[in-house]
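Observations on the three-dimensional arrangement
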Amino acid sequence: MIPRRNHSQDRSTPFDNALKIFSKNNNPEHENRLRLQKLVDNAMKSDIPTGWKKETFAVGGLSEVGFSKNHPELLLIVSSQGRGIIDCSKFELTERDYNTDFDWFNSYELWSMGIGKLADEKITVSGLCGGGLPLLSKFGDGIQYMATEWPIIDLIFEPNFKSIYKEDDGKHCFRIFHDYELRAFGFSSNGEYFITATSSEINVYRKEKKV
């Protein structure tokens, strides 16, 4: 005699079985995210890496930034209120222009004409319209973008060719940014300065000279 099946004890469906297969415990993407988060957690939680100094400038409506190639210490800032220049070597705002015609800005080719000392230079910019600053310097310092807790963004500073993806290197790296909104980040052409920027402020970093 064939025993009757008790359907009340087995109500699983193909959909239920699929959920089991793709549950968090069996989801490779989830496991990989946890692995990456562990790597981020290995980094030192400090917004100022060893050997660097930082100054923060409030900039309302910041949209783009770009370093001069002729004068790598000079940073052009484009905002809804015009243009400004920060001398990163002195942490000083040295020039200001309130011209908002924006005939000096090209959002497709991603450049802006400078002002003051940079008036004759067409500066490549990065920000709201795209673009990108160098993420690796000639000294081997790098900045790594991570988003394991999206929409929170992490920026990891990797000194001297270190990599956040190597567990042994993690303790030498720094989590310098942990926030929801990021507009631009990267190095100057000479690698002695780098920035992180949002729509309302910009953090300027200067590499300190070894004594």
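It should be noted that the structure appears before, not after, this text.
What comes next is a walk through the structure. (Residues numbered from 1 in each chain as written. Predicted model: local features only at pLDDT ≥ 70, side-chain atom pairs only at ≥ 80, totals over all residues. Heavy atoms only, no water.)

Side note on the nonpolar core
The line we're drawing: Among buried residues, the Ala, Val, Leu, Ile, Met, Phe, Trp, Tyr and Cys ones that are joined through side-chain atoms within 4.5 Å form a nonpolar core. Accessible area is worked out with a 1.4 Å probe on protein chains only. A residue is then buried under 20% of its type maximum, exposed over 50%, and partly exposed in between. To qualify as a helix, a DSSP run of H or I must reach at least 4 residues; to qualify as a strand, a run of E must reach at least 2; elements of each kind are numbered from the N terminus. By definition, residues are in contact when any of their heavy atoms lie within 4.5 Å.
Formed by 17 residues in total, the largest nonpolar core has its most connected members in V65, L75, I77, I195, I202 and V204. Only β2 (62-67), β3 (74-79), β14 (193-197) and β15 (201-207) provide two or more residues apiece to this core. What I77 contacts, discounting residues up to four positions off in sequence, is V59, L62, E64, V65, G82, R83, G84, I86 and I202. The next biggest cluster of nonpolar side chains, apart from the first, holds 13 residues, and it includes I143, F174, L182 and F185.

Section: unusual backbone geometry
Cis geometry marks the peptide bond from W150 to P151, where omega comes out at 15°. One non-glycine residue, F91, lies in positive phi territory at about 55°. Note that F91 resides in the loop between β4 (82-87) and β5 (92-97). Relative accessible area serves as the criterion here: at 15%, F91 is assigned to the buried category. Phi is positive for F161, close to 65°, though the residue is something other than glycine.

Details of the environment of L75
Positionally, L75 belongs in strand β3. Overall, L75 belongs to the buried group, its relative accessible area being 0%. Placed 12 residues apart in sequence, L75 and D87 show a C-alpha to C-alpha distance of 6.5 Å. In contact with L75, other than residues within four places in its own chain, are V65, G66, F67, G84, I85, I86, C88, I195, I202 and V204.

As for the side chain of N106
Going by this rule: What qualifies as a polar contact is a pair of N or O atoms within 3.5 Å, subject to a donor-acceptor requirement within protein and to the restriction that residues adjacent in sequence count only when both atoms come from side chains.
By the secondary structure assignment, N106 is in strand β6 (residues 105-106). Polar contacts involving the side chain of N106 include one to the main-chain amide nitrogen of E109, which spans 2.7 Å.

Here's the deal with the sheet that holds strand β7 (residues 111-113)
Stated precisely, the cut-off is as follows: Between any two strands, at least two bridges found by DSSP are needed for them to pair.
Strands sit in the order β6-β7-β8 across an open sheet of three strands; the sheet is antiparallel. The open sheet terminates on both sides in strands that have one partner only, identified here as β6 and β8 (122-124). In terms of strand pairing, β6 meets β7 through two bridges, oriented antiparallel. Bridge assignment links N106 to a residue of β7, and that residue is W111.

What to know about the sheet that holds strand β12 (residues 174-179)
Our working rule: An axis is simply a line fitted to the C-alpha atoms; with a helix, the fit covers only the stretch in contact. Between two such axes, the angle follows the N-to-C directions and lies from 0 to 180 degrees.
Spatial ordering of the open sheet is given by β10-β11-β12, a layout of three strands whose pairing is antiparallel. Strands at the two margins of the open sheet, each flanked by one partner only, are β10 (142-149) and β12. Between one strand and the next, the sheet's axes are offset by a mean angle of 25°, whatever the strand orientation. Seen against the sheet, helix α2 (residues 28-42) touches β10, β11 (152-158) and β12 and runs at an angle of roughly 130° to β10.

Brief notes about the packing of aromatic side chains
Where we set the bar: Between rings of Phe, Tyr and Trp, where Trp is taken as its six-membered ring, a pair exists when centres lie within 6.5 Å; planes separated by under 30 degrees are stacked, by over 60 edge-to-face, and by other angles tilted.
Counted by the stated rule, this structure contains nine aromatic pairs. Ring centres of W52 and F157 lie 5.6 Å apart, and the angle between their planes is 75°; on these two criteria the pair is classed as edge-to-face. A residue pair is termed long-range when its members are at least 10 positions apart, and W52 in strand β1 (residues 52-58) and F157 in strand β11 qualify at 105 residues. Note on F194 and Y205: the rings are 4.1 Å apart at their centroids and 5° apart in plane angle, and the pair reads as stacked. One end of the pair, F194, is in strand β14; the other, Y205, is in strand β15, and 11 residues separate them in sequence.

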